[in-house]
Amino acid sequence: MKKENSPSVHWADIHARNIIRSKGDKAQYVCASGITPSGTVHIGNFREIISVELVVRALRDLGRDVRFIYSWDDFDVFRKVPKNMPEQELLQSYLRKPITVVPDTTGTSENYARANEERIERQLHIVGIDPEYIYQARQYQAGTYAQSIRTALEHREEIRACLNKHRREPLPESWMPVSVFSSFTGRDATEVISWDGQWGITYRCLETGKEETLDMRSAKWVKLPWRIDWPMRWAFEGVDFEPAGKDHHSEGGSFDTAKEIVKVFGSDAPYTFQYDFIRIKGKGGKISSSSGEVVSLTDVLEIYQPEIVRYLFAGTRPNTEFAVSFDLDVLKIYEDYDKCERIYYGDEEVGEKRRQKESRIYELSQVSSVPEDKPYQVPFRHLCNLLQIHSRDIDSVISSLGVVEKHQEERLRTRCACALNWLDLYAPEEFTFSLREPGSSVPEFPNEILKALGQLCHVAERMDDLSDSELSEEIYAAAHASGCEPKDLFAASYQVLIGKERGPRLAGFMRTCGREKVIPLLRSYAQ
RNA sequence: GGGCCGCUAGCUCAGCAGGUAGAGCAACGCCCUUUUAAGGCGUGGGUCAAAGGUUCGAAUCCUUUGCGGCUCACCA
C-alpha cells in the first residue's frame, strides 16, 4: 500500500472510476438524472440529483468531459391534488391531464409543472448544481421522440413479454407501448387501438367514445409510458450513468425492465447504483410529495449553509438511509463540518487516511471551488448566543467578531441567517433569550441579592482585565461577600440580564455580552 | 413471494477495495469551599446480532440464520 498517490476511496470517486471502466474510454460521458415535477420536489428527490452531481464532479476531476442532463418528466399525468396547493377545486378539474397544462394556482409560473421545476432549479443553483435541463413535454410535443415511439411499436411484442415477466396481470394482447392524451378531453383516459405500421396510430377516447388517427411526427399528445420512456431516453441521449432509488431498483422494478427494454432501442443500460431514501428528524411531517407536508431543499437551506447541505450528502454513502435533522443535531452537523474544514486546512492533527478522506469530502461539499483562505469559523451554538445578545442584528454580530475579512463575510452572513432561522423554528426553549432593556421591571430581590448584584456590577467593570477563572471566582466572591448563596446570585443575574431563571454559564456569558451591555442592566440594582 | 438496507459503547452513528475497535451526546471524575446549560482536562464502558467459511490476520469479503426497516409485483 502506497501512501502517496493512493486513489480516493470516496464513493463518488469510486463510482466515477467504475463508470470509466464499464463504459470504456470515451470522449464524453453522459450522466443523467430526472424526476417528475408532479408535486413539490422534496429532499428525498434531491438525493438523486446531488448523487449524480457528485459523480459528475468526480469524473471531471479525473479529467473527463461530462454532459450532465436532468430530465423533467413534465409530460406526466396529474394524478392527485396536493393538499398544500390553493384552489383545490380548480386543480381537481385538471386531474388526468398532463401537468404542463395544469394551471399554477400559486400564480408564479406559466403552469403547475413549471412552478415546481422553477422552485427547485433556483435552489439547485444555490448549492452549485446546474445541469442541462431537458423538458420532456417539450421534447415529445416537438416530435423529437417520434422515431423512438415508432421503434417501440415495432418491438411491441418483445416489450410486452419483458413487462409481463414481472406482472401479476399480463398485459392484454392488444396492448400498445404508447399512451395518448385525448384531444377531445385532454385526459389520458384513452385506448390505443391500432398502428398502421408507419406513423399513424388510432386511439379511442374512453370518455367520449370518439376515435381519432394521429401522425406521430406531428402529434402533440402522444408519449411512451414510464417503463419504456426511461430506457428510450437512455438510448436517445446515450446515458452512461444514472442512479435510481430503491423503488426502481428492486427486482421487477423499472430499472430491471428498462435494462432489457433498452436493447430494442439499440443501446445498453447505464452504469448505476441504488440510493436509499432519507428520513427527517426534528421536524413534523413526511417527505412524500402528495401529502402536502413536504420537506424541501428550501427548508433545509433555511437551516444549513449550502456547502453543509452538500456535506450531508457527500459525506454519506448513497445506498444507506440517513436522517436530515432539524433538532439539536444541527449543532453537531455544523461542528462536524467545521472540523472537516479544519482538517482540510491542516489545522487539526489527524491520521493520513482520515485527512485524505475528510479533505475529499470537503472539496466535494463546496458550491464552487475551495476557498483559498480558511473561512472564518464561529461555532453555530456560540453564534446563536451572539445573535441573541446583539438583538438578532447580523451586522452588529459580525463587527463584534473583530477581524473578518471581506471574502469571509458572505459565508458568515449565511450562517447567521441559518442560526436565526433555527432559533425561530426549531431551537428548544432553553436556547432562546433576549437581553432585557435597561430600566424594564423585574421581580424584587432581597437585600443580600441586591447587594450581590451591585458587587457583580463592579466585577463586570473590571472583567476585561480578568482571566476566565478569575472572573468566575469573582462572581462567587461577590455572592459570598454579600451573604447570599451563589446559586441565588446566578438566578437573579439571569433575571436581570435575560428575564429567565437560567442561562448560559454566567462568566463566559457576561464576557460575550460585553461591559457596555451588562453594566447598564446591573447598575440599576447597584446599591 | 422477490429485491435492497440496517443490526458496532446507555443513546445517535462513523469506521467497510482486510492489518491491534472510534466520535458526539449521556455517565463519572478533576479544573482553589465552586457552578447554572455553551468551557477545559480526564475516566469508564463494546465477545462489532448469531453461526460457519476464506485469510497469517475479518466489524470489514463469502454463506446461512435471526430481528428491524424499506421497496417491487398498479402508476410513475
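These numbers were taken from a predicted model, which means no experiment stands behind them.

Quick look at the sheet that holds strand E3 (residues 132-135)
Right, on to step 1. Taken together, the three strands give an open sheet; going across it, the order is E1-E2-E3, and neighbouring strands pair in parallel fashion. Unpaired on one side and paired on the other, strand E1 (29-35) and E3 mark the two borders of the sheet. For this sheet, the mean angle separating the axes of adjacent strands, direction not counted, is 25°.
Right, on to step 2. The pairing of E1 with strand E2 (residues 66-72) spans seven bridges and is classified as parallel. In the sheet register, Ala 32 faces E2, and the bridge partner there is Ile 69.

Description of the packing of aromatic side chains
Right, on to step 1. In total, this model carries 32 aromatic pairs according to the counting rule given.
Right, on to step 2. Relative to Trp 422, the ring of Phe 380 has its centre 6.0 Å away and its plane inclined at 70°; by these criteria the two rings are edge-to-face. One end of the pair, Phe 380, is in helix H15 (residues 380-389); the other, Trp 422, is in helix H17 (residues 406-425), with 42 residues separating them in the sequence. For the residue pair Phe 380 and Trp 422, the accessibility class agrees, reading buried in each case.

Some details on the protein's contact with RNA strand B
Right, on to step 1. In the vicinity of RNA strand B lie 47 residues, with Gln 274, Phe 490, Tyr 494, Arg 502 and Arg 505 positioned nearest.
Right, on to step 2. The sugar and phosphate moieties of RNA strand B supply 51% of its atoms located within 4 Å of the protein.
Right, on to step 3. Note that a sugar or linking oxygen of RNA strand B is positioned 2.8 Å from one of the side-chain N or O atoms of Asp 73.
Right, on to step 4. Contacts to RNA strand B include Phe 509, whose backbone N or O atom sits 2.5 Å from a base nitrogen.
Right, on to step 5. Those elements giving two or more residues to the surface near RNA strand B turn out to be helix H8 (226-237), helix H9 (246-249), helix H14 (352-365), H15, helix H19 (468-481), helix H20 (486-498) and helix H21 (506-513).
Right, on to step 6. Residues belonging to the surface near RNA strand B are distributed by class as follows: 11 nonpolar, 14 polar and 22 charged.

Rules used throughout
- Every chain begins its residue count from 1, and numbering advances along the sequence as written.
- Chains and ligands are labelled sequentially in the order written, the chains with letters from A and the ligands with numbers from 1.
- Totals for whole chains, interfaces and linings use all residues, but because this is a predicted model, local features are given only for residues with pLDDT of at least 70 and pairs of side-chain atoms are given and counted only at 80 or more.
- As a rule here, side-chain values come from all non-hydrogen atoms in the structure, and water together with hydrogens is ignored.
- Strand pairing is assigned whenever DSSP detects at least two bridges linking the two strands.
- Under the DSSP-based scheme used, a helix requires at least four consecutive residues in state H or I and a strand at least two consecutive residues in state E, with every element numbered from the N terminus.
- Only C-alpha atoms enter the line fits that serve as axes; for helices the fit covers just the stretch in contact. Angles between N-to-C directions range over 0 to 180 degrees.
- Only centres within 6.5 Å qualify two rings of Phe, Tyr or Trp (six-membered ring in Trp) as a pair; their planes then separate them into stacked at under 30 degrees, edge-to-face at over 60, and tilted for everything else.
- Burial status follows relative accessibility: with a 1.4 Å probe on protein chains alone, a residue under 20% of its type maximum counts as buried, one over 50% as exposed, and anything between as partly exposed.
- Distances are taken per atom, and a residue is near a molecule or strand as soon as one of its heavy atoms is within 4 Å of it.
- Polar contacts, as used here, are pairs of N or O atoms within 3.5 Å; protein pairs need one atom able to donate a hydrogen and one able to accept it. Residues neighboring in sequence count only if both atoms are side-chain atoms.
- Asp, Glu, Lys and Arg are counted as charged, while Ala, Val, Leu, Ile, Met, Phe, Trp, Tyr, Cys and Pro are counted as nonpolar; the rest, among them Gly, fall into the polar class.

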